[in-house]
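# Examining the three-dimensional arrangement
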Amino acid sequence: MRNKNPLLLLVFLLIGISTLAREKIDLSKGFTLENEYARYEFEPVGLGLSAMVDLQSGFNHISPVEGDHLLWKVVFGKGIQRPEIDNNYKPCTYGTVIKKSNGDQVLILEWNDLRFWEEDSICAVKVTIKLPADNGVAKWNISVSNLSDYWGLWEVSCPAVNGFPAAGAYDLAYPDTGIGGMLRKNWEGTLKKRSPSGFFPMQFLTLNAGTNGVYLCSNDSESRAKDFYVNADQKELLLTRYPENMAVVGSDLPGYYNVSFGPYQGNWLEAAYRYREWALQQEWTAKGPISQRPDFPEIATNVGFWVRDTWIWDYPDGTPKDTGDPFTWRTDEGDPHEMNLPFLNAMERMEVPIAFQWYGWHHVLFDNNYPHFLPPLKGFKERVAELVDAGALIVPYINGLSADSKISDWHLFDPHAIKDQAGGLHQKFYRDGAGRLTPMCPNQNFWHYSINNVVDSIINVYGANGIYMDEISCNSHELCFNPDHRHPLGGGRYWADGYRDLYRKTLNIAHQNGKEVAITSESANEIYFDLVTANLFTGRPTDYEIPLLQTVYAGYTIFYASRCDFRGSDLLFNFGVGQGFIDGKQIGWMDFDLFRPEFSKKVEFLKNCAKHRMATKKYLVFGRMWEPVDPINKVPVVEEEFRGGGLHKGSVPAAEARLWQAEDGDLAIFIANYVDQEIEFSYNIDTEKYGLDATNFQIAEITPDGNKLLSKGGKTLSRTETLGPGQVKVVEFSPIK
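The notes below deal with the structure included here. Because the structure is predicted, anything quoted here is derived from the model rather than measured. (Residues numbered from 1 in each chain as written. Predicted model: local features only at pLDDT ≥ 70, side-chain atom pairs only at ≥ 80, totals over all residues. Heavy atoms only, no water.)

### Digging into the overall build of the protein
- Within the protein, the regular secondary structure consists of 12 helices and 40 strands.
- Relative to a compact globule of 737 residues, whose C-alpha radius of gyration would be 27 Å, the protein shows 28 Å and is just as compact.
- Dimensions along the principal axes, computed over C-alpha positions, put the protein at roughly 85 × 70 × 65 Å.
- The 737 residues of the protein split such that 61% are buried.
- Within the protein, contacts between residues separated by at least 24 positions form 71% of all contacts whose residues are at least 6 apart in sequence.
- When the accessible surface of the protein is split by element, carbon and sulfur atoms take 48% of a total near 28,300 Å².
- Across the protein, the centroid of the 71 positively charged side chains sits 3 Å from that of the 94 negatively charged ones. (Helix = DSSP H or I, 4+ residues; strand = E, 2+ residues; numbered from the N terminus. Rg over C-alpha atoms; globule rule 2.2 N^0.38 Å. Buried < 20%, exposed > 50% of the residue type's maximum accessible area, 1.4 Å probe, protein only. Contact = heavy atoms within 4.5 Å. Areas by Shrake-Rupley, 256 points an atom, 1.4 Å probe, with all protein chains shown as cover. Lys, Arg positive; Asp, Glu negative; His and termini not counted. Charge placed at Lys NZ, Arg CZ, Asp CG, Glu CD.)

### Some words on the packing of helix H4 (residues 336-350) against helix H5 (residues 380-389)
- Packing of H4 against H5 leaves a shortest axis separation of 9 Å and a crossing angle of 40 degrees. Comparing their axes, H5 and H4 come out oblique. In this structure, H4 meets H5 at a crossing whose hand is right-handed. On H5, the residues that touch Pro336, His337, Met339, Asn340, Phe343 and Leu344 of H4 are Glu382, Arg383, Glu386 and Leu387. (Axes fitted to C-alpha atoms, helices over the stretch in contact; angles between N-to-C directions. Parallel < 35°, antiparallel > 145°, perpendicular 65-115°, else oblique. Left-handed = near helix turned anticlockwise from the far one by under 90°.)

### Here we look at helix H8 (residues 494-510)
- The end-to-end C-alpha separation of H8 is 24 Å, in line with the 24 Å expected for 17 residues at 1.5 Å each.
- Taking burial as the measure, the 17 residues of H8 include 13 buried ones, the bulk of the element. (Expected span 1.5 Å × (residues − 1).)

### Considerations on the side chain of His648
- Within the element layout of this structure, His648 appears in strand E33 (residues 648-653).
- A relative accessible area of 14% places His648 in the buried class.
- Separated by 2.6 Å, the side chains of His648 and Asp543 make a polar contact.
- Residues contacting His648, with those up to four places away along its chain left out, are Thr542, Asp543, Tyr544, Glu640, Glu641 and Phe642. (Polar contact = N/O pair within 3.5 Å; in protein donor to acceptor, adjacent residues only side chain to side chain.)

### So, empty space enclosed by the protein
- Under the definition given, this model contains 5 cavities of 30 Å³ or more.
- Approximately 100 Å³ is the volume attributed to the largest cavity.
- In terms of lining, the largest cavity is formed by 16 residues, of which the most central are Pro541, Glu545, Ser562, Gly576 and Lys585.
- Grouping the amino acids of the lining of the largest cavity by side-chain chemistry returns 5 nonpolar, 7 polar and 4 charged.
- The space that makes up the second largest cavity amounts to roughly 80 Å³.
- Ala554, Thr557, Phe559, Gly584 and Leu620 are, among the 13 residues lining the second largest cavity, the residues nearest its centre.
- Of the residues contributing to the lining of the second largest cavity, the split by class is 6 nonpolar, 4 polar and 3 charged. (1 Å grid on protein atoms, 1.4 Å probe; cavity = no way out; pocket = protein on both sides within 12 Å on 5 of 7 lines; lining within 4 Å. Points joined across faces, edges and corners; volume = space filled by probe spheres on them. Nonpolar A, V, L, I, M, F, W, Y, C, P; charged D, E, K, R; others polar.)

### Quick word on the sheet that holds strand E18 (residues 226-231)
- Strand order in the open sheet formed by 6 strands is E7-E6-E12-E19-E18-E15, and the pairing between neighbours is antiparallel. Strand pairing shows two members of the sheet lacking a second neighbour, strand E7 (84-86) and strand E15 (190-195), which therefore form its edges. Geometrically, the sheet is characterised by an average inter-axis angle of 15 degrees between neighbouring strands, direction not taken into account. (Pairing = 2+ DSSP bridges.)

### Considering the environment of Leu147
- By the element assignment, Leu147 lies in the loop between strand E11 (138-146) and strand E12 (152-162).
- When its relative accessible area of 63% is taken as the criterion, Leu147 is described as exposed.
- With residues near it in sequence (within four places) discarded, Leu147 still touches Ser121 and Ile122.

### What about the environment of Arg658?
- Structurally, Arg658 is set in strand E34 (residues 655-661).
- The exposure class of Arg658 is buried, given its relative accessible area of 4%.
- Separated by 10 residues in the primary sequence, Arg658 and Ala668 have C-alpha atoms spaced 8.3 Å apart.
- When sequence neighbours within four positions are dropped, the list of residues in contact with Arg658 reads Pro547, Gln579, Ile582, Asp583, Met625, Glu627, Pro628, Val629, Ala668, Ile669 and Phe670.
- Within polar-contact distance, the side chain of Arg658 engages the side chain of Asp583 at 2.5 Å.

What follows is the structure in structure tokens.
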């Protein structure tokens, strides 16, 4: 050991010095953290974030405030008490910046030995901000040590920012319930969303003033309970974590994950691309794209469109059904084949496979007596068998989240229900006449087996080749304080872990004896994408919708439904279905009344979209969505009344387009004309932008009857498509090798 080369040791020492340079901060003067992309300015003493400047444009996102700027907040809990401190409660006690040889910088700030409520040195807060050399978005981490013999932690927020965003100055893009995503221009108001949740199905949002964007992403691979909070009226933004063992004496918060927060240049698309890089490294995408998954049921990839309906599909007297009112659902008995005729006739007319979400098949009234769905109505098994044999995907409804506390054996379920701090139930009111639906705790095996026993019967006794498990994917992480459940109280990761475990048990049933059974659920929640086959989009058409989820996850899961009132205008229907088609959704999810003669025109539009989908699965099922394609000519704008995002009048282009790429590299533009007039749509495509180095391309139109060769083109493709009234068109660009 004494023969080590001293020169070699010196080299290693010098490498270490050059790799890591530490500089202590004079906290009385504040600090500026910057690279060539962004500058973060922290105030003296409390180190609140007082400026966040995009150095590519000079745009400062944070405005002056009365008093001091924020950096973090900590809320303590004891019973119903919620006292709060922030970074200005006491001066920052330690700060240093580490500069790495690769250009990355790490700012470390500490508030140590904090006295609180007559207790000395009970709390310490550490904030770490990592600014990479190659972009302006920093990664923020906070940990809180709590030595109190009275208080527990309740909430911890970091970043906590005031002076941002200014009301009306930013467009807000975020994932939302049952749609691809929301884009609210010149946004004002408040957004508060729980994650994990189908109400906020991905962990990021973006605020954009023109090309001056701010990206916020939690990067939480373990899916712990948290809230995204943005208040434009009060100019405040928080990423709030719910610690394990909330309000339990001495509870801490380790720095579980780094939050990405900072300025960038671009719009919501650039944010989605950034998020996709992270998302494709997570547990829920680890199985790979659909094309590489032997466990993914093929029948789910072959769906032309969806129908949802109840037990009786054509009322003999022609009375319109109200599928939204369970009290009007009929439960007549009849010959199974005769009862199935509306379905079989629709499949013959549409010339594509149908997926069917089946409500009202059970003897209990909808939203009552859950989870006692069985036995089904008479003839259910025979009807399922005929439809499955005809090639349909049959997906009966059950609720996988809630039990009705009015059931006679509630005493068996009550110990496994979610409880608040006082031991109360989290009951939900949906409508008059509904049961007292009570969410069950997902970490309870009793609930897993209760639900999966129902699933087992539906699949293996009654023959369904799919199952719809309502609410699981949609519902937010509810904070459970039931001490008998043996999970951390309140916050943590037990919600995600519990439902992932439940879904795994469901898949074990679905795959028994070589079966291929599709598992579906309400809305979409990314943390289940490796376990859930298809995700129901319950949102209605709106001019606010953007394909945010599809831009991130197309090719890794399936989204379905273009929910629309077909009794409304042709424009509304064509927009809802047509945009759903170009956005990659499995379209439909209307009831069989759609096939009445007065709606024939709408049916033909739906059929055309469905047949084009079946001809373009290499894109819409297995491919990647790149972006909406902006026309370079003037496309007319039309007005319509929308319910999605709240009842309002909005404007949409008469025709829209999306760019998709197949796994073999081919590109295709999907265009839909929503109006009853001819529309020209001109566009440019730079093929190099999408990783293609070919110099020549074959251009063809994909139709349900085969491909039609149109022309050839070079690296930059410029075309004008003429679309007839209500026409959809797919043009493919294939490299010539």
